[in-house]
Structures are given as C-alpha cells and as structure tokens.
Amino acid sequence: MIRSAVLEYGSLAQIVLNYKHGNIIAVFDNSVYLNGGDSLCCLGVESLVNGPVNIRTRLSNLSALRVGDTWSYTNNRLTLGQLYNCDNTKARLWSLPAKVSLSRTLNPGPAFTDCITLIESRLLAEGHIRNTLPGVTNSLTLQRLNYYQTLIAKSLLSPGETEQYTVPSELTGLLGCGDGLTPAGDDILLGVLIAAFHFDLPKLADCLVTWLKQHAEINTSQISYAHLLAACEGQAIEHLHAMLNLLTIRMNRSDLNTEGSLKDQTEKVQPIKSQLEQAIGTLIQHGHSSGYYTLCGVLLVLKHLAGTTLKKS
Amino acid sequence: MSTVVNEVRKGFYLDSVALMRLSAEITSMGGIEEAVLMIGTPSNLQIMQDAGVLDSTGESASPNDLVIALRADGKSNANRALAHANKSLEGGALKSSTSEARARTLRGSLTAYPEANLALISTPGTYAAREARTALELGLNVMIFSDNVSLEQESSLKNLARQNDLIVMGPDCGTAYIDSVPLAFANALAPDGGNSADATRTAAIAASGTGLQEFAVLLTRLGGKLTHGIGVGGRDLSDAVGGLSTLTAIDLLANDKNVDQIVLISKPPGPDTANLVFEKLAACGKPVVACVFNQASDSEVTGIRYASDLRNAAELASGETLDRHDTQQLAQELTGSLSASRRKLVGLYTGGTLCTESQLILNRAGIKTTSNAPAPGSSASDSETAHRIIDLGADEYTVGRPHPMMEPLVRVSEFEQSLDDPSIAVILLDVVLGYGAHENPAEAIVNSMQQVTDTKDKPVVIASVCGTEFDPQGLHQQRDALTASGITVCNCNVAAAELAAEVINQQS
C-alpha cells in the first residue's frame, strides 16, 4: 500500500470523512469522488484546486482506483481501495480567503465598466477556443444556455424597486443543462450565487439558496449537486474567491480608472489589472468549461450590480 | 431511414473533455446523423428529445446516468457507432488518451504504479546515484542505465540494496531481462523467453550489455530459454565493490523455482571477490556455467562448468551445438582474391563485450592485437603495424555523439577508411539488433560497401549479427542485406573472429 499525505481539505469534505467509510463513486486520472452518507467530496492530486468539497493529497495519479472501491478513515488515516493510505495528521483545513468588500463610497463608473469589459473580452476570446459562445454553433445546448442567461438577467436579476428577487420557475431547465460532471447550467447558477454572496446581495443569495435546495437534487447529478450545496454555504473553489476579491479591489479603486495620468496607469492601475487578468484566466482554465460558465454567472451579477448602483447614483 | 438508438450507463461519470471528444468521434463516423453523450438530467433529456435522438431507453435515465444517444442512417450504422462508443468507454482509451500519467518523481511514479518493484534510472550520471538511493529507500530494485556513477557511490548503493534484500543492476547496465521481459538495449526473444515449455530455464548474470545480448540470442537460437538476465555492471566483480550485486543475484536465482541453471558471464573477478562468488555459485544447488573471459584454468572451482566464450556458454547451457562452417576452407576462398600486401586486420565494434571477446579469440589464434579497450593479452598502444580492434562505444568515440548501436554512421568513416586502406586484409564487424538499436544498422554498412570502386582488390569484410527474428529490425533481413553487399556473415561473434583470424594467418 502506498503511503501518502493529505495536504488540505475543505469543511464539507470533512463532513464526508466524518462518516468514516464509504465508496468511491467516480474515478478520473487526477481525482476521485467519495461518498459518505448523503454527501460527496472530491479527493485529488496535489494540483487539485482548494475548495469546500475538495481534499488535496500528495498522490499523483488515482486512476488505479475503481468505482465501487471502499474508503475508510480511522486514526487520521484515509485508506482508499486498499491501494493508498493517506496520513491526515498534518493536513490543513482550508478556509475561504478573507473577503474584500465593495466600498460603501463606491463611485461607479469607469472601474465597473472596465471590469465588465475585461471579463466580456476574456469570455469572448475563450469562447472561440472552447466553442462555448452562444450563436457560434447551432448546438441546442448552447442556444438553451444563452436563453437561460437572458432569463436570469431579465427576470431573476430585475427585482424592480422592491428588491424582491424571484426565481422564475422556468429556470429549473438550466439545472443539469449541458455536458460533463458539473453541467454548464449549474456552473452559471453557482457563479451567480457566489457573486451574490460576495457582493453582499443577501436577498438574491437567500432566494437562490432556497430555490436550489428545493430543485437541484432531482435535476442534476449528485456530483454537481455537492458543489451547488457548497455554494449555498457561500463557498466555492478558491480560484473563484480570489478572482472576486481582485475584482472588488479593482472596483474599489475607481480613482484608478483608465483616464488617470500616465504615471497612475503605470504604477497603480496596471499591477491590479494584470493580477485580475491572471485570476480571470486561472478561473476560466478550471475544468473544461466549468470556470468559463461560472464566470458567465459572475458577469450577470456584475452587470446587475453596475445597473443598480449606477441607477442609485 | 433514420434510426435512433440509446443506451444508458447507470452511475457512470466521465469528464467533459472525454465525453465531447467521443461525441465528436462518433458524429464523424459514416452514417451517423447525430450523436450525443450527456448525463441524463431532465434538462439534457429535453435537449436530446428536441434533437430527435431520444428513445424510450434514454427517457428512463436519471441525472447520475450517462446517456449515449444516436441517430443514424440505418440500424447497422447505429449499432456500429454504439459498439465504438462502448469499446471506448470500457477500454479505458478515453482515460489514457486524455492525460496519461507522467510522474515527475520516483515517488510520483510509485504512487501511480503501486505494483512496481523496479526502477530504471536513466538520468545524467551526476544525478543517477541520488535517484537510485531514493528508489532503494522506496523499496524498489534498481537498474542504473546511466554511467559516470563513482565507484564509491556504486559500492554504497549496493550495500544499501543488499541490506534491504534488493538488487542494484548497473551502473552502466545497458541490458537486462526480468521474467523474460527485455529492458533497455535488449533483443526480443521468443514469447515467454523463447522455445518450448520443457526447455531448461536459464538465468544469466552478466556485466551489462552486449555480452548478455549475444548469450541470450545464441541460447534461444539453440533452443534454450532465458528467464532472467541480470546486468550487474562492469565493476561489480572488482574487489572494490566485492560482487555485491552478483551475490544478491545468485541468492535470488538460487531461490527462484523458475530457474533451472545459472550462467555467469564476466571478466576475471578481483581475487578476493572471485573466492566469494565462485564458492557461492558452486553451493547454490543449481547447475552453473561460468564464462569468465581469460580465466586461468588453475583457478577453476569444482562443480562449475567453464565456457571459453559466449558461444560455448550458450552451447553448454542448452546442450546443443551451433552450426560450424569449415573455417579453413572458407578462409581460403576469401583470401583467394586478396593481394599479398594485405596483411592487417581491423575490428570495428559497437559492442564492448563483443570487442573483448574478439581480441581474446584473435590472441588465442596467435594474433597480437591492439585496442582502445584492450582485453588481457592485447595492447593499448596503437602501432601502425598492429591489428586493431576498436570499441566504437568507448567514451572517446561517444562524447557528444550517439552510441554507434543507435547511430551506425558513427562507424562509417572508420569503415570507409579501412575499405580504402591497401594494407587491410580483414574488416571485422558486429551488427547489434534489438530494442534501442538503430532501425536498420546494416544499411550504412551496405552503402559504404557499394562505394568501393576497385571491386577486385578490396578487404574481406566479416560480420556477425546479434539478433533474433523477433527483433524490430529482423535478423534475416539484416543478414541478407549484408550478404548481398559481399560481406561474409557468420552466425556469432566467435565464428566471425575465428574466421578473421584464419584469414590473417593464411595471409601471413
């Protein structure tokens, strides 16, 4: 049996480990999904991103494991399929990066526009590569995703003067919509929800959490549902939180807009912008299209936020 | 007419990239109108319904199932595509093609392949010892392909291995067979080590490279079966190392029920080590053949059969005899066209052990040789009048250049110079086939032969081919090409050296 070590684990992954034993329900080259009770977590290699349902280990490849293999967790040792034994004694509990909040004295304007333009241009560029642009192909899935994003913008994110958010019943069609482990529709919703938490839109977040807990379990896969449940707690992969923090820093520095002096541009704006661009790039690279669609969800909220903030001002 | 076929795989997860690639692959198959592979969420089922690819089977899917949905021109096209999808999903092809495990460290490799018990180290020599130590500490046996490992490091590694019931093969171990599996530069023997199940199962312990290859080839050609070939490295039997790996190998082979006899191939061991090794061999409980180059007969140990050369070792181990030509008569035929002024011999070798063996045979025939890698009885001095046997794989020929077994052109200039030299009577060559060797080593030799303008007065070229019909280059193809170009091809290195010696003696 190969001995290895757990490096970091998320709080929801810890809940799974507390069940002490369970089965491996999905195996990929670099990660496996473990069940414990009704919960799931994802255990992977060192390069696996930190997140609430993830367990990062020193293992380098997990494809020797098989679906149905058992796992057990006793005395801080996690045994996988009689092949691997991971010591958990020195592992760190991953926690969310400290949130950077939007400034209350935010002066909307060029900074908002700048961020939105930046994200849109990256999505456009990546969309050509990943064939994820609605309208680029005749794919029914892409048409549908496009339709639901418009629905979110026009319905969910248009609460009117009362600020009472309501999820249109039709939006259940977005749950589980698309290819892969976490269907694109779920990724978009996750992006919307985490952005709602991040940008302090509690009414939007509450409304989505209630709706997801009612509808997600039966409309998507158990793996995707596990990530959505984590999002209901305001947690997602650290790439997303890092990107949102940098986005907020950029927006809070509305003094550093594109009309600043050449000196400001060079010394103040560019470092933040380049960090943000890098963070957006990292998020987009997550999974095949998970990061991409999550960013689509964030963009919807950002536009909503820009609209309401500008209106107020 | 369009046919819709669905299949549902319960609780089956595959990553998005693999799913989309398979989906695209199937769609591009002839007769396929539409193919969708998606998890069976209500939303996706609706998409499939709208796309006209869903049937009642697919409708039953749950969000945790994979749905393979096809619309094809006719049932046979649909079934063919479905079979392709299933084969891809079951065969692991999707997984391996997406990201084959490429561990960057030994630890990572072991994690990926926990059943592994041997590490092959092929790094620059400076780093080889460190990696070998890591491997030993991880409980792995080690084959060090790298050279430039110091004697102190070798000794230290082998001590560590012996303390932990492990073995270090090498350093500079170019060839090995473990459970009949060839490692590094090795010939492809017949499946399962060669020949019939009732053949005597032989295991060889040898220094490192072509000696083991030649023995393995000849043994299997004679009907024998090689189960293991352990390369211990050229310095293992020196007193400085004390034969640590050889001793471990003897222990392992003595206890291996799949080994009937043991063959040791080596240079003469250091005197202290010789006692240890031969006593252990004599007491191992299995028949032993020792082919120790230039071994003094008074140092032979009772109970061990001694072979004079590699051919003899293969014959003793197999109980069969390799075909012999009439060396004297063949030499007469070859010298018939040689002018009297041609008296010298040059050997251009790619294999170090074969080079040594030839020197010993020539010396035995009374022909004094010089060499850049002199065997006992040969001289290192390179006089104009001497018969020269050159090891082209030695450092002075390979620094900054590929080994001549990999790149035959390294030998070409020496070969062409020798062909043009009016004093040369015989050019002796080895051609080594097998994994790692050049894909067509005969080609460069044949090309040089074709450039000889004076076809009446040219040296005799004698070669042997170390190879099997299972080798990627093909034994008979290589032999035929050499023969067609006018080269005399012998069935082993010993026979080639003996023939060369006879030609030189007849010219004198």
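Examining the overall build of chain A
- Helix and strand counts for chain A come out as nine helices and nine strands.
- Per-residue burial over chain A gives 57% buried out of 313 residues.
- Intrachain contacts of chain A at a sequence separation of at least 6 include 67% that bridge at least 24 residues.
- Total accessible area on chain A stands at roughly 13400 Å², and carbon and sulfur atoms take up 49% of it.

Considerations on the overall build of chain B
- Along its length, chain B carries 19 helices and 19 strands.
- Across its three principal axes, chain B shows a C-alpha extent of roughly 95 × 60 × 45 Å.
- Counting only residues that meet the buried cut, chain B has 55% of its 508 residues in that class.
- For chain B, restricting intrachain contacts to residue pairs at least 6 apart in sequence, the fraction spanning at least 24 positions comes to 72%.
- Split by element, the accessible area of chain B, about 21100 Å² in all, is 49% carbon and sulfur.
- Averaging the positions of the 37 positive and the 60 negative side-chain charges in chain B gives two centres separated by 2 Å.

Re the domain arrangement of chain B
All names here are of chain B.
- You can read the domains of chain B as domain 1 (2-98), domain 2 (106-318) and domain 3 (327-507).
- When each unit is reduced to the centre of its C-alpha atoms, the spacing between domain 2 and domain 3 is 28 Å.
- If you look at the interface, domain 2 gives 22 residues, while domain 3 gives 31 residues.
- Across the domain 2 to domain 3 interface the summed buried area is about 2100 Å²; carbon plus sulfur atoms make up 60%.
- Inspection of the domain 2/domain 3 interface yields two salt bridges.
- We note a salt bridge from Arg364 to Asp309, for which the minimum N-O separation is 3.9 Å.
- Here domain 2 is connected to domain 3 by twelve residue pairs in polar contact (both at pLDDT 80 or more).
- Put simply, the parts of the chain that give the side of domain 2 that touches domain 3 at least two residues each are strand E8 (181-184), helix H9 (210-221) and helix H12 (310-318).
- For the side of domain 2 that touches domain 3, the element with the most residues is H9, which contributes seven residues.
- Considering only residue class, the side of domain 2 that touches domain 3 consists of twelve nonpolar, six polar and four charged.

A short note on the domain arrangement of chain A
All names here are of chain A.
- Here chain A is partitioned into domain 1 (2-93) and domain 2 (110-312).
- Taken residue by residue, the interface counts 13 residues in domain 1 and twelve residues in domain 2.
- Here domain 1 meets domain 2 over a buried area of about 1100 Å², counting both sides, of which 72% is carbon and sulfur.
- Interface area lost by domain 1 to domain 2 is led by Leu40, Val49 and Pro52, which between them contribute 41%.
- For the pair domain 1 and domain 2, the interface holds zero salt bridges.
- Between domain 1 and domain 2 we count three residue pairs in polar contact (both at pLDDT 80 or more) in total.
- Broken down by secondary-structure element, the contributors of at least two residues to the side of domain 1 that touches domain 2 are helix H1 (11-17) and strand E2 (21-27).

Let's talk about the pattern of salt bridges
- What the rule picks out here adds up to 23 salt bridges over all chains.
- With its nearest N and O atoms 2.4 Å apart, the salt bridge here joins Asp50 of chain B to Arg144 of chain A. In this pair, Asp50 of chain B is assigned in helix H2 (residues 42-50) and Arg144 of chain A in helix H3 (residues 140-156), connecting two distinct chains.
- Among the ionic pairs, Glu315 of chain B bridges to Arg324 of chain B, the shortest N-O distance being 2.6 Å.
- On the basis of relative accessible area, Glu315 of chain B is assigned to the buried category, the value being 9%.
- Residue classification places Arg324 of chain B among the partly exposed positions, given a relative accessible area of 45%.

Focus: unusual backbone geometry
- Residue Pro171 of chain B is reached from Gly170 of chain B by a cis peptide bond, and omega for that bond is 5°.
- In this structure, Lys20 of chain A takes a positive phi of about 75° despite not being glycine.
- Along the chain, Lys20 of chain A falls in the loop between H1 and E2.

Here's the deal with the confidence of the model for chain A
- Here chain A averages 87 in pLDDT, while 88% of its residues score no lower than 70.
- Within chain A, the element-level pLDDT minimum falls on helix H8 (residues 262-284) of chain A, averaging 78, and the maximum on helix H4 (residues 184-198) of chain A, averaging 97.

Let's talk about the interface of chain B and chain A
- In this assembly, 30 residues from chain B lie in contact with 32 residues from chain A.
- Buried area between chain B and chain A, summed over both chains or domains, comes out near 2500 Å², and the portion from carbon and sulfur atoms is 60%.
- Joining chain B to chain A, the criterion identifies one salt bridge.
- The interface formed by chain B and chain A holds seven residue pairs in polar contact (both at pLDDT 80 or more) in total.
- Only helix H1 (16-27), strand E2 (32-39), H2, helix H5 (93-98) and helix H6 (106-112) of chain B provide two or more residues apiece to the side of chain B that touches chain A.

A closer look at the nonpolar core
- Core analysis: the biggest nonpolar cluster contains 68 residues, and Ile152, Leu240, Met243 and Leu247 of chain A have the highest contact counts within it.
- Of all the secondary-structure elements, those providing two or more residues to this core are helix H2 (110-130), H3, H4, helix H5 (202-219), helix H6 (222-232), helix H7 (238-252), H8 and helix H9 (290-312) of chain A.
- Of all the elements, H9 of chain A adds the most residues to this core, at eleven residues.
- Other than its neighbours up to four places away in sequence, Leu247 of chain A contacts Cys115, Ile119, Phe199, Leu276, Val298 and Leu302 of chain A.
- In terms of nonpolar packing, the next biggest core, distinct from the first, is built from 58 residues, Phe185, Ala313, Ile361 and Val503 of chain B among them.

Notes on helix H8 (residues 151-163) of chain B
All names here are of chain B.
- With 13 residues, H8 ought to run about 18 Å at 1.5 Å a step, and its terminal C-alpha atoms sit 18 Å apart, in line with that.
- Those residues of H8 that fall on the buried side of the exposure criterion are Glu154, Ser155, Leu157, Lys158, Leu160 and Ala161.
- Structurally, H8 contributes buried residues whose contacts are with helix H7 (125-137), strand E5 (141-144), strand E6 (168-169) and helix H10 (244-254).

The rules behind these values
- Residues numbered from 1 in each chain as written.
- Chains lettered and ligands numbered in written order.
- Predicted model: local features only at pLDDT ≥ 70, side-chain atom pairs only at ≥ 80, totals over all residues.
- Heavy atoms only, no water.
- Helix = DSSP H or I, 4+ residues; strand = E, 2+ residues; numbered from the N terminus.
- Buried < 20%, exposed > 50% of the residue type's maximum accessible area, 1.4 Å probe, protein only.
- Contact = heavy atoms within 4.5 Å.
- Areas by Shrake-Rupley, 256 points an atom, 1.4 Å probe, with all protein chains shown as cover.
- Lys, Arg positive; Asp, Glu negative; His and termini not counted.
- Charge placed at Lys NZ, Arg CZ, Asp CG, Glu CD.
- Domains from an automatic or database assignment.
- Buried area = accessible area lost by both parts, 1.4 Å probe.
- Salt bridge = Lys/Arg side-chain N within 4 Å of Asp/Glu carboxyl O.
- Polar contact = N/O pair within 3.5 Å; in protein donor to acceptor, adjacent residues only side chain to side chain.
- Nonpolar A, V, L, I, M, F, W, Y, C, P; charged D, E, K, R; others polar.
- pLDDT = per-residue confidence, 0-100.
- Core = buried A, V, L, I, M, F, W, Y, C linked by side-chain atoms within 4.5 Å.
- Expected span 1.5 Å × (residues − 1).

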